[in-house]
Amino acid sequence: MSIFSKIAAGEIPSYKCAESEKFYAFLDINPLVKGHTLVIPRECTDYFFDLDDETLAEYQLFAKRVAKAIKKAFPCKKVAQVVLGLEVPHAHIHLIPMQSEADADFRREKLQLPQEEMADIAARIYAEFQKL
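These figures come from a predicted structure and were not determined experimentally.

1. So, the sheet that holds strand 4 (residues 78–82)
Strand order in this open sheet of five strands is 1-2-3-5-4, and the pairing throughout is antiparallel. Of all the strands in the sheet, the pair left with one neighbour each is strand 1 (16–19) and strand 4. Here the average twist between neighbouring strands, direction ignored, is 20°. In this structure, strand 1 lies alongside strand 2 (residues 23–27), joined through three bridges in antiparallel fashion. Each bridged residue has a counterpart across the sheet, and for Ala18 the counterpart in strand 2 is Ala25. Seen against the sheet, helix 3 (residues 115–131) touches strand 1, strand 2 and strand 3 (37–41) and runs at an angle of roughly 25° to strand 1.

Spelled out as structure tokens, the structure:
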């Protein structure tokens with residue numbers, strides 16, 4: 001079981017931004033910018049493109065809703081979608097609010113935000129997600 005599977009199952013705490021029966025979204029604990037969110041399928045599949053077509057389509061639609069919630073909670077030019085997937089063997093999408101492409105540069109220094117601020121960010125995204 002991957003660390004992301006444990007997060008989705010509630011075995012490891014996270015800053016929940018959205019959820020459904022099949023998918024879970026939570027804040028990246030090493031965010032590039034405020035609102036940087038990870039979206040995962042609850043079922044553990046290592047490689048994003050190994051998901052069956054139906055699941056992949058549903059995953060993208062769920063991520064789209066999360067991206068819309070992020071954009072409402074953190075007004076930005078666009079929300080980037082990035083699929084890297086080497087650091088954790090569980091398919092995941094990074095959703096990153098962007099004012100410029102530099103906001104999605106994974107080589108930049110990550111933010112260190114206090115727990116209270118992380119909880120507030122997640123609550124803002126979750127509230128917007130609930131409205132969609």
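2. Considerations on the pattern of salt bridges
Tallied over the full model, the rule gives seven salt bridges. Between Lys16 and Glu19 there is a salt bridge, with the nearest N and O atoms lying 2.8 Å from each other. Linking Glu128 and Lys131 is a salt bridge whose minimum nitrogen-to-oxygen distance equals 3.4 Å. Highlighted residues: Glu128 and Lys131, both in helix 3, separated by three residues, approximately one helical turn. Residue classification places Glu128 among the buried residues on the basis of a relative accessible area of 16%. Overlapping salt bridges, with partners in common, bring together Lys16, Glu19 and Arg42 in one network.

The rules behind the values
Residues numbered from 1 in each chain as written. Predicted model: local features only at pLDDT ≥ 70, side-chain atom pairs only at ≥ 80, totals over all residues. Heavy atoms only, no water. Pairing = 2+ DSSP bridges. Helix = DSSP H or I, 4+ residues; strand = E, 2+ residues; numbered from the N terminus. Axes fitted to C-alpha atoms, helices over the stretch in contact; angles between N-to-C directions. Contact = heavy atoms within 4.5 Å. Salt bridge = Lys/Arg side-chain N within 4 Å of Asp/Glu carboxyl O. Buried < 20%, exposed > 50% of the residue type's maximum accessible area, 1.4 Å probe, protein only.

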